Amino acid sequence: MRVVLAEDSVLLREGLARLLGELGFQVVGQCATAEELLLKVRSHSADVAIVDIRLPPTHTDEGLRAAQELRAKHPSVGVLLLSQYLELGLAMQLLAESAEGVGYLLKDRVSDVEEFAAAVRRVGGGGSAVDPTIVSQLLRRRRSEDPLDRVTPREREVLELMAEGRSNQAIAERLVVTERAVQKHITSIFSKLGLAASEEDHRRVLAVLAFLRA
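A few points on the structure. (Residues numbered from 1 in each chain as written. Predicted model: local features only at pLDDT ≥ 70, side-chain atom pairs only at ≥ 80, totals over all residues. Heavy atoms only, no water.)

Let us look at unusual backbone geometry. Cis geometry marks the peptide bond from P56 to P57, where omega comes out at 10 degrees. Here P57 lies in the loop between β3 (48-52) and α3 (62-73). In this structure, S45 takes a positive phi of about 50 degrees despite not being glycine. Position of S45 among the secondary structure elements: in the loop between α2 (34-44) and β3. One non-glycine residue, V176, adopts positive backbone phi at about 55 degrees. Judged by its relative accessible area of 70%, V176 falls in the exposed class. (Helix = DSSP H or I, 4+ residues; strand = E, 2+ residues; numbered from the N terminus. Buried < 20%, exposed > 50% of the residue type's maximum accessible area, 1.4 Å probe, protein only.)

Before going further, it helps to examine the side chain of E62. Tracing the chain through its elements places E62 in helix α3. One buried charged residue, E62, forms no salt bridge at all, with the nearest opposite charge on R65 at 4.1 Å. A polar contact of 2.2 Å, which involves the side chain of E62, links it to the side chain of T58. (Lys, Arg positive; Asp, Glu negative; His and termini not counted. Salt bridge = Lys/Arg side-chain N within 4 Å of Asp/Glu carboxyl O. Polar contact = N/O pair within 3.5 Å; in protein donor to acceptor, adjacent residues only side chain to side chain.)

What follows deals with helix α7 (residues 153-163). Those residues of α7 not exposed but buried are E155, V158, L159, L161 and M162. When α7 is viewed along its axis, its buried side chains cluster within an angular range of 160 degrees and face the same direction. With its phi angle positive at about 85 degrees, G165 sits one or two positions after the end of α7. (Arc of directions from axis to C-beta.)

This is the structure we're talking about:
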């Protein structure tokens, strides 16, 4: 498996190259910038690129942006991001479209050489490798940001009946309440789901879609 390394720390880059070589990988290119990474991946027909998220010149998200460009232009190339820190927003950006051929590992948590090698092979083969800490944070964030968690049990009943296509009158009859009470519940649901009144959108449909996605 042909590997390109993008890491601006010379010691870490050389150490990774030597380690990967000993594990049976062919390190076909090493670089310190995003521009060099794109060039070397294209020139050496790499199978996987191992990329530090923070690369020169600003050391913010150059590595991530290079990884996204790689995925767009060379979808067959696996991308394994390495980071010193847990950067959840950046992880979500990379994984937003697909996790196939993508990895995100925290440098400090890579303690087993064989596991690291397996992660590289998995990503290079079209699989994924995401640090368990990141997975945990993503799940926690998903739960904490789910607007349906703010919906009351009664409002959820109303939403379920809306999803069945029932009118306000039919919902009121089913729940043995007044239509005015149903309308209050629906207004509250719209508010909790962040659905403002708009001539272009049908809030009732959007609320049902949010419920079905969840």
